[in-house]
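Examining the three-dimensional arrangement
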Amino acid sequence: MGIEEYGGGQGPEPDVLVVTTNDVPGYRVQEVLGEVFGLTVRSRHLGSQIGAGLKSLVGGELRGLTKTLVETRNQAMFRLIEQARARGANAVLSFRFDVTEAADVGTEVCAYGTAAVLARE
């Protein structure tokens with residue numbers, strides 16, 4: 001897995017800006033549209049679980065699990081952006097991820113934040 005497969009985020013000029021901050025320098029919040037989120041639940045197949053279990057005995061990175069989590073986070077973020085876009089937002093402020101186990105069958109990843117309309121100052 002190359003370095004490009006370990007990350008996510010947005011391209012250089014997104015139509016919906018997603019930031020972890022409450023404001024964006026050079027912009028003012030024109031309108032707050034409310035909370036938006038993107039949610040996904042993923043499970044791993046049995047072969048991967050066995051491989052991860054064996055790898056955890058000797059130590060080291062669990063690459064299969066890492067790849068699955070990156071893909072899952074990216075999917076949740078994509079869904080968040082789609083929700084924000086559908087509500088007319090051009091930004092999501094205070095962006096966060098929440099990750100939990102979902103009934104011992106998978107991993108739930110929720111990307112959430114505040115949809116807003118920003119205007120240049």
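Owing to the predicted nature of the structure, the values given are computational and were not obtained by experimental measurement.

A separate point is the nonpolar core. Ranked by size, the top nonpolar core spans 16 residues in total, and within it Val18, Val36, Leu80, Ala84, Val92, Phe95 and Ala115 carry the most contacts. Counting only elements with at least two residues in this core, the list comes to β2 (27-42), α2 (63-86), β3 (91-102) and β4 (106-120). Per-element tally for this core: the top contributor is α2, with five residues. The contacts of Val18, once residues within four sequence positions are left out, are Gln10, Met77, Leu80, Ile81, Val92 and Phe95. With six residues, the next largest nonpolar core counts Val19, Val24, Ala91 and Leu93 among its residues.

Here we take up the pattern of salt bridges. Under the definition given, this model contains three salt bridges. The shortest N-O distance in the salt bridge between Glu71 and Arg42 comes to 3.8 Å. Taken together, the positions of Glu71 in helix α2 and Arg42 in strand β2 put the pair 29 residues apart, joining distant regions of the chain. Within the structure, one salt-bridge network assembled from shared partners comprises Asp15, Glu82 and Arg85.

Next up on the list: α2. Compared with the 34 Å implied by 1.5 Å per residue over 24 residues, the 35 Å span of α2 between its first and last C-alpha is a close match. Of the positions making up α2, those classed as buried are Thr68, Val70, Thr72, Ala76, Met77, Leu80, Ile81 and Ala84. Downstream of α2 by one or two residues, Gly88 has phi in the positive range, about 90°.

Once that is clear, we can look at unusual backbone geometry. One non-glycine residue, Ser94, lies in the positive phi region at around 55°. Following the sequence through the fold, Ser94 ends up in strand β3.

Before going further, it helps to spend a moment on a nonpolar patch on the surface. A contiguous nonpolar surface patch, about 260 Å² in accessible area, is contributed by Phe37, Leu39 and Tyr112. By the secondary structure assignment, Leu39 is in strand β2.

Moving on, we get to the side chain of Thr40. The residue Thr40 is located in strand β2 in this model. For Thr40, the side chain forms a polar contact with the side chain of Gln75, separated by 2.8 Å.

A word on the environment of Asn74. Along the chain, Asn74 falls in helix α2. Judged by relative accessible area, which is 32%, Asn74 ranks as partly exposed. Apart from the residues within four sequence positions on either side, Asn74 is in contact with Gly7, Gly8 and Gly9.

Reading the values: rules and limits
- Residues numbered from 1 in each chain as written.
- Predicted model: local features only at pLDDT ≥ 70, side-chain atom pairs only at ≥ 80, totals over all residues.
- Heavy atoms only, no water.
- Core = buried A, V, L, I, M, F, W, Y, C linked by side-chain atoms within 4.5 Å.
- Buried < 20%, exposed > 50% of the residue type's maximum accessible area, 1.4 Å probe, protein only.
- Helix = DSSP H or I, 4+ residues; strand = E, 2+ residues; numbered from the N terminus.
- Contact = heavy atoms within 4.5 Å.
- Salt bridge = Lys/Arg side-chain N within 4 Å of Asp/Glu carboxyl O.
- Expected span 1.5 Å × (residues − 1).
- Patch = residues over 30% accessible without salt bridge, like charges linked within 9 Å, V, L, I, M, F, W, Y side chains within 5 Å.
- Areas by Shrake-Rupley, 256 points an atom, 1.4 Å probe, with all protein chains shown as cover.
- Polar contact = N/O pair within 3.5 Å; in protein donor to acceptor, adjacent residues only side chain to side chain.

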